[in-house]
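The residues making up each chain are set out below.
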Amino acid sequence: MNTTRLIFSGARILSQQQWLDDHALIVENKIIKAIIPADMIKHHLPAKQYHFSPDFVLVPGFIDLHIHGAQGKDVMDDSDLAFQTISQALAQEGVTGFLATTMTAPSEKIISILKKSAAIKNHLEGAALFGVHLEGPFIAPEKTGAQQIEFLQSPHADLIQQWQAASDNIIKLITLAPELPGSNELIQSLVKMGIIVSVGHTNATYDQTKKAIDAGCSHATHLFNAMRGIHQREPGAVTALLLSERVMTEIIVDGIHLHPAIVKLILQVKHKEHIVLVTDAMRAKCLGNGKYELGGQEVEVINERVTLANGTLAGSVLRMPQAIKNVMQFTGCSLSDAVMMASYHPASVLGLQNKKGSIAMGKDADLVVMNGELEVVLTVRGGREVHFRRSIHNSLA
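So, how was this worked out
- Residues numbered from 1 in each chain as written.
- Predicted model: local features only at pLDDT ≥ 70, side-chain atom pairs only at ≥ 80, totals over all residues.
- Heavy atoms only, no water.
- Helix = DSSP H or I, 4+ residues; strand = E, 2+ residues; numbered from the N terminus.
- Rg over C-alpha atoms; globule rule 2.2 N^0.38 Å.
- Buried < 20%, exposed > 50% of the residue type's maximum accessible area, 1.4 Å probe, protein only.
- Contact = heavy atoms within 4.5 Å.
- Areas by Shrake-Rupley, 256 points an atom, 1.4 Å probe, with all protein chains shown as cover.
- Lys, Arg positive; Asp, Glu negative; His and termini not counted.
- Charge placed at Lys NZ, Arg CZ, Asp CG, Glu CD.
- Pairing = 2+ DSSP bridges.
- Axes fitted to C-alpha atoms, helices over the stretch in contact; angles between N-to-C directions.
- Parallel < 35°, antiparallel > 145°, perpendicular 65-115°, else oblique.
- Left-handed = near helix turned anticlockwise from the far one by under 90°.
- Nonpolar A, V, L, I, M, F, W, Y, C, P; charged D, E, K, R; others polar.
- Salt bridge = Lys/Arg side-chain N within 4 Å of Asp/Glu carboxyl O.
- Expected span 1.5 Å × (residues − 1).

A. Highlighting the overall build of the protein. When you go through the protein residue by residue, the secondary structure sums to 10 helices and 24 strands. The C-alpha radius of gyration of the protein comes to 21 Å, within 12% of the 21 Å expected for a compact globule of 397 residues. Counting only C-alpha atoms and orienting by the principal axes, one finds that the protein spans roughly 65 × 45 × 45 Å. A burial count over the protein gives 56% of its 397 residues as buried. Restricting to contacts in the protein with at least 6 residues of sequence separation, those with at least 24 account for 68%. As presented, the protein carries roughly 15,600 Å² of accessible surface, and 48% of it is formed by carbon and sulfur atoms. For the protein, the centre of its 35 positive side-chain charges and the centre of its 38 negative side-chain charges are spaced 4 Å apart.

Encoded structure:
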């Protein structure tokens, strides 16, 4: 048997936003080699074969740009075990790549986590680590959410340069509040460094946010949450981010962070091409109700709602397949559109769209198979099986 060749058949294949029936996908040496009519499989044997029933779908691997933790572990734990646990938990929900997302903390803690991220990046068994999303410390004291206010810092380009130099340029995205003194200068410096700049945890006005976008901000961190909202005489950061075609917006579609009508509004105003599904999940994901720690503060999970003692939302326990189902239910969008928001769009944010985010010849074999209930059955990262849930509805030949 040729163990470097994989054949996936039976399931409908989402390729370049089109559904293909009665086709098979061939993977060789970590790359998508071909998509062929199913009756041509015999010409590509021997191979390891995965066969599924016709109500299953084969889609590109998901990418989560905003994820703090899962399965009892958090990025801020700063340990090999934490990163491995998160990576493997994400693979179980179809995520093949992620940005490890930090919290506001002392500089020495942040730089330690950046170094840990760089050291373990190429050694994870589940989802791949694409880099770090630095959420803080350059955020507004009025909009800290679940972050610790005592560790906030003023925007400082030299600090980021030092952190990048010490961690092999592991920082890929930074959330900041554009109203802080020195923010626009920092934004311009970050863009020159190749770092994506995101507006978030901000009390910025409409005009301040527009200036930040003009300076180079191209992303919005969990739109509507922890930012100045819409008022008829002060449109706020939300309106500026909604109206700009240069900004990709994260949304947490768990039915808690955003009312379904707001999700529908975002899709209608922003259009699907500028929306990224994220989970913003913390260590309680996969574990259920109880008390946990997030960024040095105690949080409680009750019926999937995560809050501080004062009721402030503190991340989520959302899984990406549920986010996909929710956005379809809330907006009426198609499965292919929802999958794009979880795969191609985040890949584009990271500049990886030529290798990841969709199923096409020559792209990396980052793949997910879901059953008719959109539950993840199989996750493949780089042509390697990282999660497989066997059932009577699928088989391994």
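B. Highlighting the sheet that holds strand 7 (residues 57–60). Spatial ordering of the open sheet is given by 3-2-7-21-22-23, a layout of 6 strands whose pairing is mixed. Both edges of this open sheet fall to strand 3 (18–20) and strand 23 (384–388), since each of them pairs with a single strand only. Averaged over all neighbouring strand pairs, the angle between strand axes comes to 25°, with direction disregarded. Strand contacts of helix 9 (residues 335–342): strand 2 (12–15), strand 3 and strand 7, with the helix running at about 35° to strand 7, the strand carrying the most contacts.

C. Geometry of the packing of helix 5 (residues 206–215) against helix 6 (residues 236–243). At a minimum axis separation of 7 Å, helix 5 and helix 6 run at an interaxial angle of 40°. As judged from the angle between their axes, helix 5 and helix 6 are oblique. Crossing hand, helix 5 versus helix 6: right-handed. Between helix 5, through Tyr206, Thr209, Lys210 and Ile213, and helix 6, the contact on the second element is made entirely by Gly236, Ala237, Thr239, Ala240, Leu241 and Leu243. Across the contact of helix 5 with helix 6, the residue classes break down as 6 nonpolar, 3 polar and 1 charged.

D. Representation of the pattern of salt bridges within the structure. For the coordinates displayed, the defined rule picks out 13 salt bridges. Two residues, Arg5 and Glu28, come together in a salt bridge whose shortest N-O distance is 2.8 Å. Taken together, the positions of Arg5 in strand 1 (residues 5–9) and Glu28 in strand 4 (residues 23–28) put the pair 23 residues apart, joining distant regions of the chain. Residues Arg5 and Glu28 agree in their burial class; the two are buried. The salt bridge partner of Asp80 is Lys116, with a shortest N-O separation of 2.8 Å. Taken together, the residues Asp80 in helix 1 (residues 80–91) and Lys116 in helix 2 (residues 107–120) connect sequence positions 36 residues apart.

E. Highlighting helix 1. In this model, helix 1 (12 residues) spans 17 Å end to end at C-alpha, consistent with the 16 Å of a helix rising 1.5 Å per residue. Across the 12 residues that make up helix 1, a large majority, 9, are buried. Within the span of helix 1, buried status applies to Ala82, Phe83, Gln84, Thr85, Ile86, Ser87, Ala89, Leu90 and Ala91.

F. Structural detail: the environment of His156. Tracing the chain through its elements places His156 in the loop between strand 12 (128–135) and helix 3 (157–166). Expressed as a C-alpha distance, the spacing of His156 and Phe138, which sit 18 residues apart in the sequence, is 8.5 Å. When neighbours within four sequence positions are excluded, His156 is seen to be in contact with Phe138 and Leu186.

G. Just the sheet that holds strand 12, in detail. The 8 strands are arranged 8-11-12-13-14-15-16-17 in an open sheet whose pairing can be described as parallel. Strands with a single pairing partner mark the edges of an open sheet, and in this sheet they are strand 8 (62–67) and strand 17 (275–277). Bridge count between strand 13 (residues 171–176) and strand 14 (residues 196–199): 4 bridges; the pairing is parallel. By the bridge assignment, Leu176 is partnered in strand 14 with Val199.

H. Representation of unusual backbone geometry in the model. Looking along the chain, the bond that leaves Leu45 and enters Pro46 is cis, with omega of 5°. For Pro46, the position within the fold is in the loop between strand 5 (31–37) and strand 6 (48–52). Cis rather than trans, the peptide bond between Gly136 and Pro137 has omega equal to 15°. In this fold, Pro137 is placed in the loop between strand 12 and helix 3.

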